[in-house]
Amino acid sequence: MTETMTARLDAPEIQQEVDSLLARMNLDQKIGQMTQGERAFVSPEDVRDYHLGSVLSGGGSCPGDNLPADWVAMNDAYWAASMAEEDDRLPIPLLYGVDAIHGNTNVRGATVFPHNIGLGAARDPDLLERIAQVTAREILATGVEWTFAPTLAVARDVRWGRTYESYSEDPGIVGAYAARFVAGLQDAPDEADVVACAKHWVGDGGTFAGIDQGDANVSREELERTHIAPYRDAIAEGVLTVMASLSSWNGKKCHGHRVLLTDVLKGELGFRGFVVSDWDGTDQLDPDYATAVELAVNAGVDMFMVPDKWKEFIGHLKSHVQRGAVPMERIDDAVRRILAVKFAYGLFDRPRPAERPWSNDPGFGSREHRDVAREAVRKSLVLLKNEGGVLPLDRAARILVAGKNADDRGHQCGGFTVAWQGTTGNAQIEGGTSIWEGIREASPGAVLSVDGAEAGAGDFDAAIVVIGERPYAEGMGDIRSAGATAVAPGSQIVLETANLEPYGSTLELAELHPEDLATIRTIAAEGIPVVAVLVSGRPLVVNRELESAAAFVAAWLPGSEGAGVADVLFGDHDFQGKLAFSWPGSPGDTVFPRGFGLTLSG
Ligand code: GLC
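It should be emphasised that the depicted structure is a prediction, and the values quoted were computed from it without experimental measurement.

### Notes on the overall build of the chain
Phase 1: Regarding its fold elements, the chain presents 20 helices and 19 strands.
Phase 2: Scaling as 2.2 N^0.38, a compact globule of 602 residues should have a C-alpha radius of gyration of about 25 Å, and the chain matches this with 24 Å.
Phase 3: With the C-alpha coordinates of the chain rotated into their principal frame, the extents come out at 80 × 50 × 35 Å.
Phase 4: Split into buried and exposed, the 602 residues of the chain put 66% on the buried side.

### Some points on the site of the ligand
Phase 1: The local shell around the ligand consists of D99, F148, R162, K199, H200, M243, D278, W279, M305 and E474.
Phase 2: At a separation of 2.8 Å, an oxygen atom of the ligand approaches a polar side-chain atom of R162.
Phase 3: Within the side chain of H200, an N or O atom sits 2.7 Å from an oxygen atom of the ligand.
Phase 4: Protein burial of the ligand: of its 310 Å² of free accessible surface, 95% is covered by the chains.

### Concerning the nonpolar core
Phase 1: Counting 196 residues, the largest nonpolar core has W201, L317, L391 and L569 as its most contacted members.
Phase 2: Per-element tally for this core: the top contributor is helix α13 (residues 328-345), with 10 residues.
Phase 3: Residue assignment places this core across two domains, with domain 1 (5-355) and domain 2 (367-592) each supplying three or more.
Phase 4: Setting aside its immediate chain neighbours within four residues, W201 contacts I228, Y231, V242, M243, A244, S245, C254, L260, L261, V264, L265 and L269.

### Observations regarding the packing of helix α11 (residues 289-299) against helix α12 (residues 310-322)
Each pair of packed helices can be summarised by the angle the axes make with each other and by the distance between the axes.
Phase 1: Two numbers describe how α11 lies on α12: the axes approach to 9 Å, and their chain directions differ by 70°. It follows from the interaxial angle that α11 and α12 lie roughly perpendicular. Between α11 and α12 lies a crossing whose hand is right-handed. Within the contact between the two elements, α11 uses Y289, A290, V293, E294 and V297 and α12 uses E312, F313, H316, L317 and H320.
Phase 2: A class-by-class count of the residues in the contact of α11 with α12 yields six nonpolar, two polar and two charged.

### Remarks on unusual backbone geometry
Phase 1: For the bond running from W201 to V202, omega is 0°, close enough to zero to count as cis.
Phase 2: Position of V202 among the secondary structure elements: in the loop between β5 (197-201) and β6 (215-216).
Phase 3: Following L391, the chain continues into P392 via a peptide bond in cis, with omega recorded as 0°.
Phase 4: Its place among the elements puts P392 in the loop between β12 (382-386) and β13 (399-402).
Phase 5: For Q213, which is not glycine, the phi dihedral falls at a positive 65°.
Phase 6: Checked against the element boundaries, Q213 lands in the loop between β5 and β6.
Phase 7: We classify Q213 as buried; its relative accessible area is 7%.

### Quick notes on the domain arrangement of the chain
Phase 1: Split into domains, the chain comes out as domain 1 (5-355) and domain 2 (367-592).
Phase 2: Averaged C-alpha coordinates put domain 1 and domain 2 at centres separated by 32 Å.
Phase 3: Together, the buried faces of domain 1 and domain 2 total about 4300 Å²; carbon and sulfur atoms form 58% of this surface.
Phase 4: Where domain 1 packs against domain 2, one counts four salt bridges.
Phase 5: The salt bridge involving D124 is made with K379; its shortest N-O contact spans 2.8 Å.
Phase 6: Where domain 1 packs against domain 2, one counts 28 residue pairs in polar contact (both at pLDDT 80 or more).
Phase 7: Within the residue set of the side of domain 1 that touches domain 2, elements represented by two or more residues are α6 (116-122) and α7 (125-140).
Phase 8: Considering only residue class, the side of domain 1 that touches domain 2 consists of 19 nonpolar, 17 polar and 16 charged.

### A look at the sheet that holds strand β4 (residues 146-147)
Phase 1: One open sheet accounts for five strands, arranged β4-β3-β2-β1-β11; its pairing is parallel. The sheet is open, and its two borders are formed by β4 and β11 (304-305), each paired with just one other strand.
Phase 2: Looking at chain direction, strand β3 (residues 95-98) and β4 are connected through two bridges and run parallel. Bridged to V98 within β4 is T147.

### Some thoughts on the pattern of salt bridges
Phase 1: Applying the stated criterion to the full structure yields 47 salt bridges.
Phase 2: Here K199 and D99 are joined by a salt bridge, their closest N and O atoms 3.2 Å apart. Linking K199 in strand β5 with D99 in the loop between β3 and α6, this pair joins segments that are 100 residues apart in sequence.
Phase 3: Take D99: its relative accessible area is 13%, and that puts it in the buried class.
Phase 4: The network of salt bridges with common partners includes K266, D302, R330, D333 and R337.

### A short note on a negative patch on the surface
Phase 1: Side chains of E13, E17, D190, E191 and D349 sit close together on the surface and give a patch of like negative charge.
Phase 2: For E17, the position within the fold is in helix α2 (residues 12-24).

Basis of the calculations
Residues numbered from 1 in each chain as written. Predicted model: local features only at pLDDT ≥ 70, side-chain atom pairs only at ≥ 80, totals over all residues. Heavy atoms only, no water. Helix = DSSP H or I, 4+ residues; strand = E, 2+ residues; numbered from the N terminus. Rg over C-alpha atoms; globule rule 2.2 N^0.38 Å. Buried < 20%, exposed > 50% of the residue type's maximum accessible area, 1.4 Å probe, protein only. Near = heavy atom within 4 Å. Polar contact = N/O pair within 3.5 Å; in protein donor to acceptor, adjacent residues only side chain to side chain. Areas by Shrake-Rupley, 256 points an atom, 1.4 Å probe, with all protein chains shown as cover. Core = buried A, V, L, I, M, F, W, Y, C linked by side-chain atoms within 4.5 Å. Domains from an automatic or database assignment. Contact = heavy atoms within 4.5 Å. Axes fitted to C-alpha atoms, helices over the stretch in contact; angles between N-to-C directions. Parallel < 35°, antiparallel > 145°, perpendicular 65-115°, else oblique. Left-handed = near helix turned anticlockwise from the far one by under 90°. Nonpolar A, V, L, I, M, F, W, Y, C, P; charged D, E, K, R; others polar. Buried area = accessible area lost by both parts, 1.4 Å probe. Salt bridge = Lys/Arg side-chain N within 4 Å of Asp/Glu carboxyl O. Pairing = 2+ DSSP bridges. Patch = residues over 30% accessible without salt bridge, like charges linked within 9 Å, V, L, I, M, F, W, Y side chains within 5 Å. Lys, Arg positive; Asp, Glu negative; His and termini not counted. Charge placed at Lys NZ, Arg CZ, Asp CG, Glu CD.

Here you go:
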């Protein structure tokens, strides 16, 4: 089916449809197709009156009671408005986009998969494709057609707040996985397919000091070898859209980089779909917004994610075309690409969202889908230490469970879950299991004592202490020294910018979260062997925690099916995960190399 998408974009019948429609469009209709607003700032009437090509939900922007039916009803109204034919309107169906990057995780009750960093450790490309297929069905169940995934970032500095969105520091793994994920999203039969988006073009994971939206100071060869290479795999798989990066390459913003966007991506790599900007990414090109718009369009951005100021965007672009600053050929190229994607995806042939086969599908958040996620959790776990064979644990043993992340489904899901910055507690991750709930299911006699205070009271055979990070997203997850340049979304990035509050200033867990080492030590002091389970979006410096624990498991951000952790701790399945990132020790040295991972037999 893969050649279907790539071939379809170029197929004569598609190009004829595109040419015929383009010839009938006026400038307002063309510019409307290039415009994407955020649902909180766009009504169906706006879609109708301004011919908008797309609407999105930012993280946590949800309709009604945030159930699939509410989403279907919302997009059905937008779609109907886009298809209105009164007043000589041209019916061009709208594309609705969401960040379904580890499941359709804005929506209540969704299956939440492990973030990419865990999937990279699982080393199971077939599983990636199955996850993508399930994700596509849970996107379609909400009447949505487009996800801003997969992320193709090759994170090279784990201080970056988006490390967890990267499969690996190894571009070969990223490319292999991205291709399978694109296939799972776009090539499923029975109309169970959605539009994928490879992001962020290009070099987002290679910025100096891992600063989010920062500057990748790398040679063209390094850019090609490490950051461009995975896009070749995704484009060969037929990815229909690419999102521009908010970062820079050697001091020049990607959103305004004509060489990268047009000459390399569309020319050398032959990308035939369309480029969408990132959230207000255009702003960063110049303090004067009108100038910024001109720069981004002429550089090669085709659709503009302009959540709240979409009307202003339309006004500037129209005046640029009318005074010749933006050639009509550039507008036609952008609209041609957008229409080709909509035709190739079959959007013109699909019924309205409310009447589509997968809308409100009962499989949403089902046990069948959650079993795929639980399998992914099992396969993603990496065993770093197992002194004295403390693992696997005996179900009948007296087990103490502790740690702030033991019974917190929100923390185990991480960012881009329910809300942009994620959530805390169990309530909002409906249908899932915390790591503690999975352990209790496997070993009913287990006792939960979050700070470990019960350690002296129970004559325990072993303890499981679940430690690590709380959720974060983007720059708010950076490990950055105070004052290092970072950005507030939408800020003007010309020189210095407002600093987003980083997660912390060190990768050392004992500094970031001293409560974790304290809990481990409280329990170990009672002579109880500790199995430490780290819930984090990246490798952290855990030398002291490693030393105090008998066993140590990297669980990454496992998602809603925390019970998958118990499946391995109690030996129902062996560890198979291998590090997709080298594990840092003291600054500059590696404690565990990429590829490391023990099994229960050593
Ligand atoms: C964010 C992210 C991007 C996401 C987009 C829409 O700022 O950079 O990955 O797809 O905005 O939420």
